[in-house]
Every structure is written in structure tokens, then in C-alpha cells.
Amino acid sequence: MMASPESCPALVLNADFRPLSYFPLSLWPWQEAIKAVFLDRVNIISEYDRAVRSPSFEMRLPSVLALKEFVPLNRRPAFTRFNVFLRDSFACQYCCRCCPTHELTFDHVIPRSRGGRTTWTNVVTACQSCNLLKGNRLPQQSGMFPKSRPVQPTTFELQENGRAFPPNYLHESWRDFLYWDTELDPS
Ligand SMILES: [Zn+2]
């Protein structure tokens, strides 16, 4: 049985051979991977057994690609819902439970009604029940303080947090480039 090309994404590494992103893991669909090869933007590091062919051409699908030109990662990550969850490792900052993203909400530590702003330093991840429980009260009034003081994370810190969430599928050729590889046995 031949794998469908759709099930053969390529892991994309920066020019320093680290994944462009850990979470979500930087993967390109095969069409994009082949296009980048033809545009000479990437080196093929590893391939699938699966090939695509036309009458004049045959090519094995790349499983790992490395960009030829290093892409610097932004030092200041965007202030987005996803990045706040990632900073807080998808855990409610009050009860410390990890929840699927659709069950997570934002909490303003100092409520907006009390002049609190929507910034990295005043917004934390909260589950729906904790958010409801805290309501419009200040931490001192509710006795609910975030587990860690909210700060603006660096891109590096977000990357590090993202490593904690391996995807469901890891092709064997990706393992050398990912943190989720089994640890090397010092023997
Ligand atoms: Zn909670």
C-alpha cells in the first residue's frame, strides 16, 4: 500500500537545522515542499519512500527540508491568544489544570472594569470555571493569584514551551531534529 502524498508532510528546519517552529510543528504539505525545492530555497535532508511522478519526471517526497537562508525569529512574539496559552503551557493559572484550547479563556488579573489593560503583563490563561469564579474582582479580593506572574515572553521561551507538546505523528526521519526523540543512552 502506497501512502498518499497528503500524508507525507515535510518537516521544515531553519538554516541552523532547528525546526522553524515547535508548536505547531513547522510542516509543509508535499506540494509546497516540492515547490521550495524547485525554487532552490531549501536543501533536502531526508526523503520518504513515496515518490510522485509525471511522464517526464519522478521525485521522492522530501521528509525533512532545511532552509538555505536563515530566518531570524522575531524577538518579540505577537500578543495573540495562542501565544498567551503557549506562554502559560495551556494550563489555567489559577487551578493549574491543563485544558484543551477551546476550554481556555483569558483572565485580566486586574479586571478591565478596574482599569486593567489587555497586555502580556495583565492577561493570563484561565479555565472557564476559574474565570467565572474570579469574576470582576481583584486578586486581593478573590484570593486568586496567578501561579506565575505574567510577563512578556521571548520567542525563545515560547519555542521552549512548545517543545512540551509533541504532535500525534512523527516520521522517523524527523527524530534527529526534534526534542521528542528518545534520550540518548550515555553508555
Ligand atoms: Zn482553573
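1. What about the confidence of the model for the protein chain?
Right, on to step 1. Model confidence for the protein chain is summarised by a mean pLDDT of 90, while 94% of its residues fall at 70 or above.
Right, on to step 2. Confidence scores differ between elements of the protein chain, with helix H5 (residues 155-162) showing the lowest mean pLDDT of 88 and strand E6 (residues 123-127) the highest of 97.

2. Points about the coordination of the zinc ion
Right, on to step 1. All of the protein donors around the zinc ion are Cys92 (SG), Cys95 (SG), Cys127 (SG) and Cys130 (SG); their distances to the metal are 2.3 Å.
Right, on to step 2. For the zinc ion, the four donor atoms are set out with angles of 101 to 115 degrees between them, so the coordination reads as tetrahedral.
Right, on to step 3. Sequence spacing of the donor residues for the zinc ion, all on one chain, is C-x2-C-x31-C-x2-C. One end of the pair, Cys92, is in the loop between helix H2 (81-87) and strand E5 (104-108); the other, Cys130, is in helix H3 (residues 128-134), and 38 residues separate them in sequence.
Right, on to step 4. In this structure Cys92 comes out as buried when scored by relative accessible area, which is 0%.
Right, on to step 5. Assessed through its relative accessible area of 8%, Cys130 is described here as buried.

About the thresholds
- Residues numbered from 1 in each chain as written.
- Predicted model: local features only at pLDDT ≥ 70, side-chain atom pairs only at ≥ 80, totals over all residues.
- Heavy atoms only, no water.
- pLDDT = per-residue confidence, 0-100.
- Helix = DSSP H or I, 4+ residues; strand = E, 2+ residues; numbered from the N terminus.
- Donors = N, O, S within 2.8 Å, 3.2 Å for Na, K, Ca; no water.
- Tetrahedral: all angles 85-135°; square planar, octahedral: opposite > 155°, others 65-115°.
- Buried < 20%, exposed > 50% of the residue type's maximum accessible area, 1.4 Å probe, protein only.

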